[in-house]
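Survey of secondary and tertiary structure
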Amino acid sequence: MIWTMTQAHLIAASILSADFSALREQIEEAENGGTDWIHIDVMDGHFVPNLTMGPVVVEACRRCTDLPLDVHLMVVEPDGLLKPFAEAGANSLIVHVEACTQLYRTLEKIRNLNLSSGVALNPATPAYAVSEVLPLVDSILVMTTNPGYSGQVFMEGMLNKVRELDSMRRERNSSALLEVDGGINAATARLAVQAGADVFVSASAVFKHPDGIRPGMAALRQALGEVISA
């Protein structure tokens, strides 16, 4: 079902850094720690140099939680995978501008599956690449590292892209949420929220936090709260 996309500051815990031998427990701990969404990175080994999860993992996550499942498809030719991920329990599907030869049509297919539609931009892709499809998207994901692996260093230069997209959606009266993904921790989340981001996808800072998952979530939430109240 398509979510109601209200402007908010949301944390999406990415299971890319989770311990898959205890996935249910890891998701439950993130949920108890206050994550808003569970983010699932799907990589095909072609669009990005890594191979990760498929619909069976989404289905397993769906059995573990009622939280929204935000599925990021880092794959070539995603159209054939939309229905399997929808049937597995995804709430949103995010596709890459760079991977879709008919982006408008792909986004329409996602919406016809009654899911929230998202579009992602690699670091080298300019903000204007989503201009013509803005009416069709519920979220725009700005990659703040090169996609493929967790634990990379946040690219501060991507903050200008977040600012540009924030201005674009305001000018167009779009309710699309702005997501940032890559190197998001307490320090970089502060920078991203100041630039206009709404959703903060975090893997290592949650699931590999030295004090545990809940302290990792708490650190992110505190950082966002400090900026909002400043």
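Here is a short report on the structure shown in this document. Here the structure is a predicted model, which means the values were calculated and not measured.

1. Let's talk about the nonpolar core
Core analysis: the biggest nonpolar cluster contains 65 residues, and Ile 15, Ile 40 and Ile 140 have the highest contact counts within it. Among residues more than four places away in sequence, those in contact with Ile 15 are Phe 20, Leu 23, Ile 27, Ile 38, His 39, Ile 40, Met 53, Val 57, Cys 61 and Phe 207. Among the nonpolar cores identified, the runner-up in size contains six residues, and Leu 10, Ala 12, Trp 37 and Val 199 belong to it.

2. Quick look at the environment of Asn 160
With respect to the secondary-structure elements, Asn 160 resides in helix α5 (residues 159–171). Note: C-alpha distance between Asn 160 and Ser 14 (146 residues apart in sequence) is 24 Å. A distance of 2.7 Å separates a polar atom in the side chain of Asn 160 from a polar atom in the side chain of Arg 163.

3. Some thoughts on helix α4 (residues 103–112)
The α-helix winds at 3.6 residues per turn, so residues separated by three or four positions along the chain end up facing the same way. Among the residues of α4, those classed as buried are Leu 103, Thr 106, Leu 107 and Ile 110. For α4, the angular spread of the buried residues around the axis is 95°, confining them to a single face. Residues of α4 that are buried sit in contact with α3 (82–88), β4 (92–96) and β5 (116–121).

4. Overview of the packing of α5 against helix α6 (residues 186–195)
In the contact formed by α5 and α6, the axes pass within 8 Å of each other and the chain directions differ by 30°. It follows that α5 is roughly parallel to α6 by the angle criterion. Residues Leu 159, Val 162, Arg 163 and Asp 166 of α5 lie in contact with α6, whose contacting residues are Leu 191, Ala 192 and Ala 195. Broken down by class, the residue content of the contact of α5 with α6 amounts to five nonpolar, no polar and two charged.

5. Quick word on the packing of helix α1 (residues 23–32) against helix α2 (residues 55–64)
In contact at an axis separation of 10 Å, α1 and α2 are set at 55° when each is read in the N-to-C sense. Here α1 is positioned oblique relative to α2, judged by the angle of their axes. When the axes of α1 and α2 are compared, the crossing they make is right-handed. Contact residues: α1 offers Leu 23, Arg 24, Ile 27 and Glu 28, while α2 offers Cys 61, Arg 63 and Cys 64.

6. Quick word on α1
Leu 23, Gln 26, Ile 27 and Ala 30 are the residues of α1 that are buried. End-on, the buried residues of α1 take up no more than an arc of 95°, which puts them together on one face.

7. Comments concerning the sheet that holds β4
As summarised here, the arrangement of the eight strands in space is β1-β2-β3-β4-β5-β6-β7-β8, forming a closed barrel in which the pairing is parallel. Adjacent strand axes in the sheet meet at a mean angle of 25° when their direction is disregarded. Judged from the six bridges that link them, strand β2 (residues 37–43) and strand β3 (residues 69–74) form a sheet pairing that is parallel. If you follow Ile 40 over to β3, its bridge partner there is Val 71.

Reading guide: rules and limits
- Residues numbered from 1 in each chain as written.
- Predicted model: local features only at pLDDT ≥ 70, side-chain atom pairs only at ≥ 80, totals over all residues.
- Heavy atoms only, no water.
- Core = buried A, V, L, I, M, F, W, Y, C linked by side-chain atoms within 4.5 Å.
- Buried < 20%, exposed > 50% of the residue type's maximum accessible area, 1.4 Å probe, protein only.
- Contact = heavy atoms within 4.5 Å.
- Helix = DSSP H or I, 4+ residues; strand = E, 2+ residues; numbered from the N terminus.
- Polar contact = N/O pair within 3.5 Å; in protein donor to acceptor, adjacent residues only side chain to side chain.
- Arc of directions from axis to C-beta.
- Axes fitted to C-alpha atoms, helices over the stretch in contact; angles between N-to-C directions.
- Parallel < 35°, antiparallel > 145°, perpendicular 65-115°, else oblique.
- Nonpolar A, V, L, I, M, F, W, Y, C, P; charged D, E, K, R; others polar.
- Left-handed = near helix turned anticlockwise from the far one by under 90°.
- Pairing = 2+ DSSP bridges.

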